[in-house]
Amino acid sequence: MTETFTIRNYLRDIKLPFCPGCGCLTVISRFLRAVHELGHKDLSKFVFCSGIGCAAWIPSPHFKADSIHTAHGRSIPVATGIKLMRPDLNVVVFGGDGDLAGIGLSHLVHAARRNLDIAVFMVNNMIYGMTGGQVAPTTPLGTKTTTTPYGSFEHPLDVPSLLVTAGASYAARWTTAHGEQLKEAMKKALATRGFAFVEAVSPCPTAFGRRAGFKDVAEIIRWFRESSVPLEEAEKMTAEDLTKKIVVGEFVYRKISTFTEALYRTIREAEKSAETK
Amino acid sequence: MTGKTSATHFWQGNEACAEATIAAGCRFFAGYPITPASEIFEHLARRLPQAGGITIQMEDEIASIGAVIGASWAGAKAMTATSGPGFSLMQELIGYAFMTETPCVVVDVQRAGPSTGQATKAGQGDVMQARWGTHGDYTSIALSPNSVQEMFDLTIRAFNLAETYRTPVVLLADEVVAHMREQAVIPPSNQIKITNRKKPKPTDKAFFNGEDIAPMPSVGEGYNVPVTGSTHNEHGYRFTADRTVHEKLVKNLIRKIRDNAGKIVDYESLNVDDCDVGVVSFGCTSRAIHETIELAKKKGLTVGSVRLKTIWPFPEEAVRNMAKNVKVIVVPELNMREMFYEVERVVHGAVPVVPLNKIGGGEMITPEELLAEIARSVKKVD
Ligand SMILES: Cc1ncc(C[n+]2csc(CCOP(=O)(O)OP(=O)(O)O)c2C)c(N)n1
Ligand code: SF4
């Protein structure tokens, strides 16, 4: 890893569409550095899939790579078709919390259950950013959004924990305030055989910060730092104590047989049985 | 099974469709169980892996068509099969396939709807859905088999058209054609015409939205192609506000089908030059036509028929020409009038067009019923 990191090796020369202070920018730089540190000089071994939303614009068309920008919530099914046909490629999904854990949740859970060999990076800004700040399945209880002007009355979803139950090989959560840990988690996810998921809790000053009562991005980042609790500590805390906290760390890392391994074994057997007939 | 020699099989319609899928070179199927389409998946689940292909049961029909689209961009010919409720769920991503010019085949084995309707009973209520199912501006190709033989032949054709025009193609079957057993003659594999998508040259940079159909790269080939359902230019870059980019894209999507309608349209006509009454029919309903013509003869009535094998694009010329020779046209269908309006539009008042509709219970329109309607219609105009 003697070469220096040049982000433009991986990014097209197009203006990025994100607001100033948007966490998507941090996610891009962390991800591309992770890719660089894993020894990839370019993105030729990758295919990116995303849905609809601000976070879904991370790869498409900005990465110098094949990228499939699908419909809202449907990145994972499309990624499934690609991975099954081309198990040799690194299939990576980017999406917002609404995209992956709202409208697309069932695909996320089933991909984890299948232990499909893809990496999924969820940018959790706790809001529907692109559409202007509606409540998301990840919005903290009580938060004011455009569709919950009196404060949200729903509990947010803990996505990494759900995916541990579903069968993921790797699941982690960090915030964009944890740059180094986030990058390392992304590296680990990319190196995992099987389904890997990283949630990046991320500031959206435009659609979340203002209404939720944050003065600026710096204040959101401070909140991320102060309310983050390592998983090991969180295990000793009560559910009530945790409502205002962001639990960070590695939720699971395990080696289990992957979907493409099992599928291709089956196909080889079927082909053989057809030949011997 | 197709091989070096031709063979005759006694197949179920869905089985013929599945075998044609393999013969067409399809190597990816994703689906979700639904009557009356499940046998296509079940047959392929056994047969496709033997040919080195993949079948996967997804969590729903949205995921099924999504996986098909992904597989297509990974270079595979890919298909899904469903019925009304699943076809409805797929519509958003079928639109994505139109917009991104993704070749794929969607089989809709029609049953009686709306909603769950009568799950095991035949219907023909998805005619307009096959044309306008997804939102926005586009035009579509849909084929309508009326026998087990055509479940084979038109499935092959559906793949060829999808690959040629880089578009989703709907095989609009129905419960009757899908579940009946009949003889099907399968030609030797070297006599089955197979079309594959045009691939780019290494120097190519434009993969969408061409005056001609653009070449289609696959992911992992080094073209760094951005694919998006948002409005895009020929390189795949998003233009979410520019009027001219949107207009050019959508007009090209429509034009590539409309300008080639003459090559796509397929129908079978009988007696059209010398008849008093014309019948325009498709799918299971059209199976009554031969007997109706014979019965009519005995009554001194001459009946001609245009049977549609492509329902979209609509065989306008054939229907318009028939209208020149007949006194009246009857349109039998297992729905509450869908094809009827299209025939009326094309005939444009030249002769009266009479609907004959029947729904529910999977009951067919019998030759006697069709003949009775023909006789009534003739009497009215005479
Ligand atoms: C089927 C469908 N429903 C709704 C929308 C509108 N829509 C676009 S982006 C979005 C939500 C984006 O939120 P999220 O996925 O969290 O991403 P963010 O913009 O916050 O990064 C919605 C609801 C859509 N495009 N498609
Ligand atoms: S709206 Fe929020 S998520 Fe979207 S670009 Fe702006 S800051 Fe980022």
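Computed from a predicted model, the values in this text were never measured in an experiment.

*Asks:* An account of the packing of helix 3 (residues 61-73) of chain B against helix 4 (residues 84-100) of chain B is requested, with residue identities and associated values reported.
*Replies:* All names here are of chain B. One can describe the packing of helix 3 onto helix 4 by two numbers: an axis separation of 7 Å at closest approach and a directional angle of 25 degrees. Between helix 3 and helix 4, the angle falls in the class roughly parallel. Like other packed secondary-structure pairs, helix 3 and helix 4 cross with a definite hand, here right-handed. In this structure, helix 3 contributes Glu61, Ile62, Ile65, Gly66, Ile69 and Trp73 to the contact, and helix 4 contributes Gly86, Leu89, Met90, Leu93, Ile94, Tyr96, Ala97 and Thr100. Residues of the contact of helix 3 with helix 4, tallied by class, amount to 10 nonpolar, 3 polar and 1 charged.

*Asks:* For the site of ligand 1, give the residues involved together with the corresponding values.
*Replies:* Neighbouring residues of ligand 1: 17 residues in total, closest Cys54(A), Gly98(A), Asp99(A), Asn125(A) and Gly129(A). Two or more chains meet at ligand 1, and those chains are chains A and B. For ligand 1, an oxygen atom lies 2.9 Å from a polar atom in the side chain of Asn125(A). With the chains in place, 77% of the 590 Å² that ligand 1 exposes on its own is no longer accessible. Of all the elements, helix 3 (residues 97-103) of chain A adds the most residues to the shell around ligand 1, at 4 residues.

*Asks:* An account of the domain arrangement of chain B is requested, with residue identities and associated values reported.
*Replies:* All names here are of chain B. Under the domain assignment used here, chain B contains domain 1 (7-191) and domain 2 (268-381). The C-alpha centroid of domain 2 is placed 27 Å from the C-alpha centroid of domain 1. Contacts between domain 1 and domain 2 engage 28 residues on the former and 23 residues on the latter. Interface area for domain 1 against domain 2, summed over the two sides, is near 2,000 Å², with a carbon-plus-sulfur share of 54%. Sorting the residues of domain 1 by area buried against domain 2 places Gln124, Ser144 and Asn146 first, and these three jointly supply 31% of that buried surface. Seen at the junction of domain 1 and domain 2, the total is 4 salt bridges. Across the pair Glu342 and Arg131 runs a salt bridge whose closest N-O atoms are separated by 3.4 Å.

*Asks:* I'd like a description of the sheet that holds strand 12 (residues 277-282) of chain B, backed by residues and values.
*Replies:* As a general point, the strands of a sheet are linked pairwise by backbone hydrogen bonds and lie either parallel or antiparallel. Residue and element names in this part refer to chain B. Sheet architecture is open: 5 strands sit in the order 11-13-12-15-16, paired in mixed fashion. Bordering the open sheet on either side are strand 11 (267-270) and strand 16 (353-357), each of which pairs with just one other strand. Strand-to-strand twist of the sheet, defined as the mean angle between neighbouring strand axes without regard to direction, takes the value 20 degrees. Pairing of strand 11 with strand 13 (residues 303-308), which is carried by 4 bridges, proceeds in the antiparallel orientation. If you follow Leu270 over to strand 13, its bridge partner there is Ser305. Sitting on the sheet, helix 12 (residues 339-347) is in contact with strand 12, strand 13, strand 15 (328-333) and strand 16, with an inclination near 160 degrees to strand 15.

*Asks:* Quick one: what's the story with the confidence of the model for chain B, residue by residue and with numbers?
*Replies:* Considering every residue of chain B, the mean pLDDT works out to 97; 99% of them sit at 70 or more. Predicted complex metrics record ipTM = 0.97 and pTM = 0.98.

*Asks:* Run through the packing of helix 2 (residues 75-85) of chain A against helix 11 (residues 259-276) of chain A, naming residues and quoting values.
*Replies:* Residues and elements named next belong to chain A. Here helix 2 crosses helix 11 at 50 degrees, and the two axes come no closer than 10 Å. Between helix 2 and helix 11, the angle falls in the class oblique. For the element pair helix 2 and helix 11, the recorded crossing hand is right-handed. Across the interface between the two elements, Lys83, Leu84 and Met85 of helix 2 pack against Phe259, Thr260, Leu263 and Tyr264 of helix 11.

Conventions we followed
- Residues numbered from 1 in each chain as written.
- Chains lettered and ligands numbered in written order.
- Predicted model: local features only at pLDDT ≥ 70, side-chain atom pairs only at ≥ 80, totals over all residues.
- Heavy atoms only, no water.
- Axes fitted to C-alpha atoms, helices over the stretch in contact; angles between N-to-C directions.
- Helix = DSSP H or I, 4+ residues; strand = E, 2+ residues; numbered from the N terminus.
- Parallel < 35°, antiparallel > 145°, perpendicular 65-115°, else oblique.
- Left-handed = near helix turned anticlockwise from the far one by under 90°.
- Contact = heavy atoms within 4.5 Å.
- Nonpolar A, V, L, I, M, F, W, Y, C, P; charged D, E, K, R; others polar.
- Near = heavy atom within 4 Å.
- Polar contact = N/O pair within 3.5 Å; in protein donor to acceptor, adjacent residues only side chain to side chain.
- Areas by Shrake-Rupley, 256 points an atom, 1.4 Å probe, with all protein chains shown as cover.
- Domains from an automatic or database assignment.
- Buried area = accessible area lost by both parts, 1.4 Å probe.
- Salt bridge = Lys/Arg side-chain N within 4 Å of Asp/Glu carboxyl O.
- Pairing = 2+ DSSP bridges.
- pLDDT = per-residue confidence, 0-100.

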